[in-house]
Amino acid sequence: MKLRVNYRTANPAVFKALMELEKAASSSGIDPITYELIKLRASQINGCAFCLDMHSEDLMNKGESLQRIMLLSVWREAPIYTEKECAVLELTEHVTQVSEAGVPDELYNRVRDYYDEAEYTALILAIITINSWNRIAISTSMFPGCFD
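None of the values given here were measured: they were computed from a predicted structure.

**Q** So what about the packing of helix α6 (residues 83-96) against helix α9 (residues 117-139)? Which residues, and what values?
**A** Contact pair α6 / α9: the axes reach a minimum separation of 10 Å and the direction vectors enclose 50°. Considering the angle they form, α6 stands oblique to α9. The handedness of the crossing between α6 and α9 is right-handed. On α9, the residues that touch Val 88, Leu 91, Thr 92, Val 95 and Thr 96 of α6 are Tyr 120, Leu 123, Ile 124, Ile 127, Ile 128, Asn 131 and Arg 135.

**Q** Account for the pattern of salt bridges, naming residues and giving values.
**A** Summed over all chains, the structure comprises eight salt bridges. Across the salt bridge formed by Lys 39 and Glu 22, the nearest N and O atoms sit 2.9 Å from each other. Separated by 17 residues along the polypeptide, Lys 39 in helix α3 (residues 32-46) and Glu 22 in helix α2 (residues 12-26) bring together distant segments of the chain. In terms of burial, Lys 39 and Glu 22 fall into one category: buried.

**Q** Quick one: what's the story with unusual backbone geometry, residue by residue and with numbers?
**A** The general pattern is negative phi for most residues beyond glycine and trans for most peptide bonds. Positioned with a positive phi, Ser 141 is a non-glycine residue whose angle comes to about 65°. If you trace the backbone, Ser 141 turns up in the segment after α9.

**Q** Talk me through the environment of Ile 45; I want residue IDs and the actual numbers.
**A** Looking at where Ile 45 falls in the secondary structure, it is placed in helix α3. Judged by relative accessible area, Ile 45 falls into the partly exposed class, the value being 23%. The sequence separation of Ile 45 and Pro 12 amounts to 33 residues, and the corresponding C-alpha distance is 27 Å. Excluding residues within four positions of it along the chain, Ile 45 makes contact with Glu 93, Thr 96 and Gln 97.

Cut-offs used in this document
- Residues numbered from 1 in each chain as written.
- Predicted model: local features only at pLDDT ≥ 70, side-chain atom pairs only at ≥ 80, totals over all residues.
- Heavy atoms only, no water.
- Axes fitted to C-alpha atoms, helices over the stretch in contact; angles between N-to-C directions.
- Helix = DSSP H or I, 4+ residues; strand = E, 2+ residues; numbered from the N terminus.
- Parallel < 35°, antiparallel > 145°, perpendicular 65-115°, else oblique.
- Left-handed = near helix turned anticlockwise from the far one by under 90°.
- Contact = heavy atoms within 4.5 Å.
- Salt bridge = Lys/Arg side-chain N within 4 Å of Asp/Glu carboxyl O.
- Buried < 20%, exposed > 50% of the residue type's maximum accessible area, 1.4 Å probe, protein only.

Right under this line is the structure:
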């Protein structure tokens, strides 16, 4: 595999902007495990090997079980996620694939059962942030270990 371009050095302002977005999302008060589950689920949908590798490892380092990491792509069929996590995972799917069905009112209301308006917008920020990372990683052909 070959990296098309190292965007970090080719355009440091882009990397800096993404890091600022990441900083805002990561400091928004979302539970760290939930935040990583969002990242991993969006990366699964988008097919980003670099991010799948990174966020699986991040979850393991935070003490998440291998079972919950491995079953994330089939979270609907795996009764090991809380209802609150399921609402966030479904929101992650809808925002990641927003052109397909938007975010239905029923889902919005279910997420709001657990999160207030500020927290809801923090979740949206987290989801769009990982989608930004996925898109730059895929577009530049990043792969696990490409910066080692």
